[in-house]
Amino acid sequence: MLSGAGAAAGFCDDAYRDAGAVVEPDRKYLLSATDVLLAVQPPRVEDVGLLKPGTVTISFLQPATHAATVEALAARGVTSFSLELLPRISRAQGMDALSSQASLAGYKAVLMAANRLGKFFPMLMTAAGTIPPARVLVLGAGVAGLQAIATARRLGAVIEAYDVRPAVKEEVRSLGASFLELELEAQEGQGGYAREQSGEFLARQRELLMGRVGAADVVITTAAVPGRRAPVLVTAPMVKGMRRGSVVVDLAAETGGNCELTQPGRVIEVDGVWVDGTTNVPSTVPLHASQLYSRNVTNLLEHLTNDGTVRVDFEDEITSGACVTHGGEIVNDRARQLMEVPQEAAAP
Ligand code: NAD
């Protein structure tokens, strides 16, 4: 393992040595000597040439924006697996790094909002008067959104949530939030995912959301469509309509943002309203982000391994879903489709 790789998450080199790893400071040597490369981010194009043909890699690959990496991996004869392409089936839940990281992000988004909001979250009856609970609006109720609802609820807020997938209604309600019914007919996606909605749909959605955003103290946005730029759900006039001191936390900042005013990687203040575009939120909970991620990757590697060797069996749904390059070719139709998404529509 690369020396210092765990430092930012609070794991020192000695902890890896104690667990039996060889800690190596020479990155180039490490890449050229490895049979299986486990990483978080897609390999850099210039690093792919250092890998031996036949090396197996497991990481996020982001094919929509890393087409050159995918092509380089194929040309180098590397067998690569992309964690974001794992099928979301029960058998693969223990390998689902999108879910483990989204869950951390949803939790932390609420704490970030609570920290900035100049109000209590819970209702309080004190000798000095009654404090009403904070009102939280969660847009996008996937893994991150549901965790945000659960966390805000534990802090005592009153929560409304909305998603284009009606299937999540019951989950939202079971967590103690109310589901916002908008008179809109969403296009259904495949495999439990949302699909990109039409411009007309999104315009109407924004119109209907206007009042609800204005009533909220905190808006947490998590709406995403895999591989695509995030839909804009909260416009500048909607932010203007919020009370001073209110907070928007945009967990879609990395893929362009659900709020028109979001500046990825920055927290800004617009007319007294905070718009938090912090990116890579799971890395602000580094210890558990690392623990969960390493468990996801280990589970996938164990699934692929038989007698100490990685066997690529395309009859297996997990392998065929997540394997992107093998035997000198791009072997994944979904990855190919994502590579063809026009860059202006792709998630940055
Ligand atoms: P995601 O991060 O891609 O999207 C987040 C949410 O944004 C989704 O719920 C999506 O419907 C919503 N969204 C998209 N466009 C929207 C719009 N215009 N307005 C409002 N909301 C919008 O999704 P995710 O959280 O990674 O997962 C999505 C779903 O996948 C899960 O909720 C679940 O159904 C399924 N899933 C299944 C498993 C499993 O069975 N193993 C594991 C994880 C997730």
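Located above this text is the structure these notes cover.
Just so we're clear, the structure is a prediction, and the values are computed from it rather than from any experiment.

Draft legend 1. Structural view of helix α6 (residues 143-154). Here α6 is twelve residues long and its end C-alpha atoms lie 17 Å apart, about the 16 Å a rise of 1.5 Å per residue gives. Within α6 the residues assigned to the buried category are Ala144, Gly145, Leu146, Ala148, Ile149, Ala150, Thr151 and Ala152. On its buried face, α6 sits against α5 (97-116), β6 (135-139), β7 (158-162), α7 (169-174) and β9 (218-221). At the exit of α6 stands Gly156, carrying a positive phi of roughly 95°.

Draft legend 2. Main features of the packing of α5 against helix α10 (residues 286-304). As a packed pair, α5 and α10 sit with axes 9 Å apart at the nearest point and diverge in direction by 165°. With respect to α10, the element α5 is oriented roughly antiparallel. You can see that α5 and α10 cross each other, and the crossing is right-handed. Here Ala97, Ser100, Gln101 and Leu104 of α5 come into contact with α10, specifically with His288, Ala289, Leu292, Tyr293 and Asn296.

Draft legend 3. How the structure looks around the pairing of β7. The buried fraction of β7 amounts to four of the five residues, a majority that puts the element mostly inside the structure. The parallel pair β6 and β7, bridged by α6, forms a crossover whose chirality is right-handed. Examined bridge by bridge, β7 and strand β8 (residues 178-179) share two bridges and lie parallel to one another. Bridge pairing in β8 places Ala161 opposite Phe179. With α7 bridging β7 and the parallel β8, this β-α-β connection has right-handed handedness.

Draft legend 4. Spatial organisation of the site of the ligand. Residues in contact with the ligand amount to 22 residues; listed here are only the nearest, Gln93, Val143, Asp163, Arg165 and Gln205. One nitrogen or oxygen atom from the side chain of Arg88 is found 3.1 Å from an oxygen atom belonging to the ligand. Starting from 840 Å² of accessible surface for the ligand in isolation, the protein chains cover 85%. When its residues are assigned to classes, the shell around the ligand shows eleven nonpolar, seven polar and four charged.

Draft legend 5. Highlighting the environment of Ala223. Among the structural elements, Ala223 can be located in the loop between β9 and α9 (236-240). Distance from Ala223 to Gly256, taken between C-alpha atoms, is 11 Å for residues 33 residues apart in sequence. Setting aside anything within four residues of it in sequence, one finds Ala223 in contact with Leu139, Gly140, Ala230, Pro231, Leu233, Ala252 and Asn258.

Draft legend 6. The sheet that holds strand β15 (residues 323-326), seen in detail. An order of β1-β2-β3-β15-β16 is seen for the five strands of this open sheet, with the pairing classed as mixed. In this open sheet, the two strands that pair with only one neighbour each are β1 (36-38) and β16 (329-330). Sheet topology note: the strand β3 (residues 79-82)/β15 ladder contains two bridges and is antiparallel. Each residue of the ladder has a partner; that of Ser80, found in β15, is Thr325.

Draft legend 7. Summary view of the packing of aromatic side chains. Applying the stated criterion across every chain, the model contains two aromatic pairs. Residues Tyr162 and Phe179 carry aromatic rings whose centres are separated by 6.2 Å and whose planes lie at 40° to one another, so their mutual orientation is tilted. Here the residue Tyr162 occupies a position in strand β7, and Phe179 occupies one in strand β8, the gap between them amounting to 17 residues. Judged by relative accessible area, Tyr162 falls into the buried class, the value being 5%. The exposure class of Phe179 is buried, given its relative accessible area of 10%. The ring of Trp274 is capped by Arg116, whose NZ or CZ atom sits 5.1 Å from the centre of that ring.

Draft legend 8. Structural detail: the environment of Phe60. Structurally, Phe60 can be placed in the loop between β2 (56-59) and α4 (67-75). With relative accessibility at 13%, the residue Phe60 sits in the buried group. A sequence separation of 18 residues divides Phe60 from Pro42, and the C-alpha atoms of the two residues are 5.5 Å apart.

Draft legend 9. Summary view of the pattern of salt bridges. Applying the stated criterion to the full structure yields 16 salt bridges. Here Lys169 and Glu181 are joined by a salt bridge, their closest N and O atoms 3.3 Å apart. Taken together, the residues Lys169 in helix α7 and Glu181 in the loop between β8 and α8 (199-215) connect sequence positions twelve residues apart. Between Glu196 and Arg228 there is a salt bridge, and its shortest N-O distance comes to 3.2 Å. With a gap of 32 residues between them, Glu196 in the loop between β8 and α8 and Arg228 in the loop between β9 and α9 connect regions that are remote in the sequence. Residue Glu196 is classed as partly exposed on the basis of its relative accessible area of 37%.

Draft legend 10. Quick look at the sheet that holds β6. With mixed pairing, seven strands are arranged side by side in an open sheet as β8-β7-β6-β9-β10-β12-β11. Whereas interior strands pair on both sides, the edge strands pair on one side only; in this sheet they are β8 and β11 (267-270). By the bridge criterion, four bridges tie β11 to strand β12 (residues 273-276) in an arrangement that is antiparallel. Among the inter-strand pairings, Ile268 is bridged to a residue of β12, identified as Val275. Running over the sheet, α5 touches β9, β10 (247-250), β11 and β12 and is turned about 155° from β10. Packing against the sheet, α6 makes contact with β6, β7 and β9, and its axis sits at approximately 170° to β7.

Conventions used here
Residues numbered from 1 in each chain as written. Predicted model: local features only at pLDDT ≥ 70, side-chain atom pairs only at ≥ 80, totals over all residues. Heavy atoms only, no water. Helix = DSSP H or I, 4+ residues; strand = E, 2+ residues; numbered from the N terminus. Expected span 1.5 Å × (residues − 1). Buried < 20%, exposed > 50% of the residue type's maximum accessible area, 1.4 Å probe, protein only. Contact = heavy atoms within 4.5 Å. Axes fitted to C-alpha atoms, helices over the stretch in contact; angles between N-to-C directions. Parallel < 35°, antiparallel > 145°, perpendicular 65-115°, else oblique. Left-handed = near helix turned anticlockwise from the far one by under 90°. Right-handed = clockwise from strand over helix to strand, strands pointing away. Pairing = 2+ DSSP bridges. Near = heavy atom within 4 Å. Polar contact = N/O pair within 3.5 Å; in protein donor to acceptor, adjacent residues only side chain to side chain. Areas by Shrake-Rupley, 256 points an atom, 1.4 Å probe, with all protein chains shown as cover. Nonpolar A, V, L, I, M, F, W, Y, C, P; charged D, E, K, R; others polar. Phe/Tyr/Trp six-rings, centres within 6.5 Å; stacked < 30°, edge-to-face > 60°. Lys NZ or Arg CZ within 6 Å of the ring centre and 35° of its normal. Salt bridge = Lys/Arg side-chain N within 4 Å of Asp/Glu carboxyl O.

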